[in-house]
Amino acid sequence: MRLAIEQALLAQDADEVPVGAVVVQNQIVIGCGFNHPIQSNDPTAHAEIMAIRAAGNTLGNYRLSECVLYVTLEPCVMCIGAIFHARIKRLVYAAADPKTGVCGSILNLPTESKLNHHLQVTGGVLALEASALLKSFFAQRRVMSKCCHHENKY
């Protein structure tokens, strides 16, 4: 999870929402990613998607069935869909997302029996650190938008 937090800091440095992700297979990092939908003009450029794409390229396969995904924020519905399609074996996330999280916050899609893929999910790993990073980022943006009248792109 520490590597995922390092990825989140890269997102923050790029003026993006600080979320990072890492895919690991047999204790070897095979894919990393961080949020950058704003700079790439791509709404799918979430950390999880970027890390999954990188891992798929590393393995030469879109199936990541023996992999663990570490991410600093509970996945949204788009990202959990990608996680399901990649057949990720285990998901470990840091901070819960009460607005868009679908691993227990607003929905719990990994436990939905009607879906064809199920995975192990562990939440709350380094949650305070990841949550503090997000809270600080958004607090800073609110201050900037009030004093500088910048358009809020988040």
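Structure: above.
So, here's what we can say about the structure.

## Points about the side chain of T72
Stage number 1. Turning to its location among the elements, T72 is positioned in strand β3 (residues 67-73).
Stage number 2. We classify T72 as buried; its relative accessible area is 2%.
Stage number 3. Those residues in contact with T72 that sit more than four places away from it in its chain are M1, A4, I5, A8, P18, V19, G20, A94, A95 and A130.

## Brief notes about the environment of D42
Stage number 1. Mapped onto the elements of the fold, D42 is located in the loop between α2 (37-40) and α3 (47-59).
Stage number 2. When the C-alpha atoms of D42 and I28 are compared, they prove to be 28 Å apart, with 14 residues separating the residues in sequence.
Stage number 3. Contact partners of D42, with chain neighbours within four places excluded, come to P37 and R53.

## Brief notes about the sheet that holds strand β1 (residues 20-25)
Stage number 1. Pairing is mixed in the open sheet, where five strands are placed in the order β2-β1-β3-β4-β5. Each end of this open sheet is capped by a strand with a single partner; those strands are β2 (28-34) and β5 (120-123). Each adjacent strand pair in this sheet contributes to an overall mean axis angle of 15 degrees, direction not counted.
Stage number 2. Here five bridges tie β3 to strand β4 (residues 90-95), and the two strands are oriented parallel to one another. When the sheet's bridge partners are listed, L73 is paired in β4 with A95.
Stage number 3. Packed onto the sheet, α3 meets β1, β2 and β3 and runs at close to 140 degrees relative to β2.

Rules used throughout
Residues numbered from 1 in each chain as written. Predicted model: local features only at pLDDT ≥ 70, side-chain atom pairs only at ≥ 80, totals over all residues. Heavy atoms only, no water. Helix = DSSP H or I, 4+ residues; strand = E, 2+ residues; numbered from the N terminus. Buried < 20%, exposed > 50% of the residue type's maximum accessible area, 1.4 Å probe, protein only. Contact = heavy atoms within 4.5 Å. Pairing = 2+ DSSP bridges. Axes fitted to C-alpha atoms, helices over the stretch in contact; angles between N-to-C directions.

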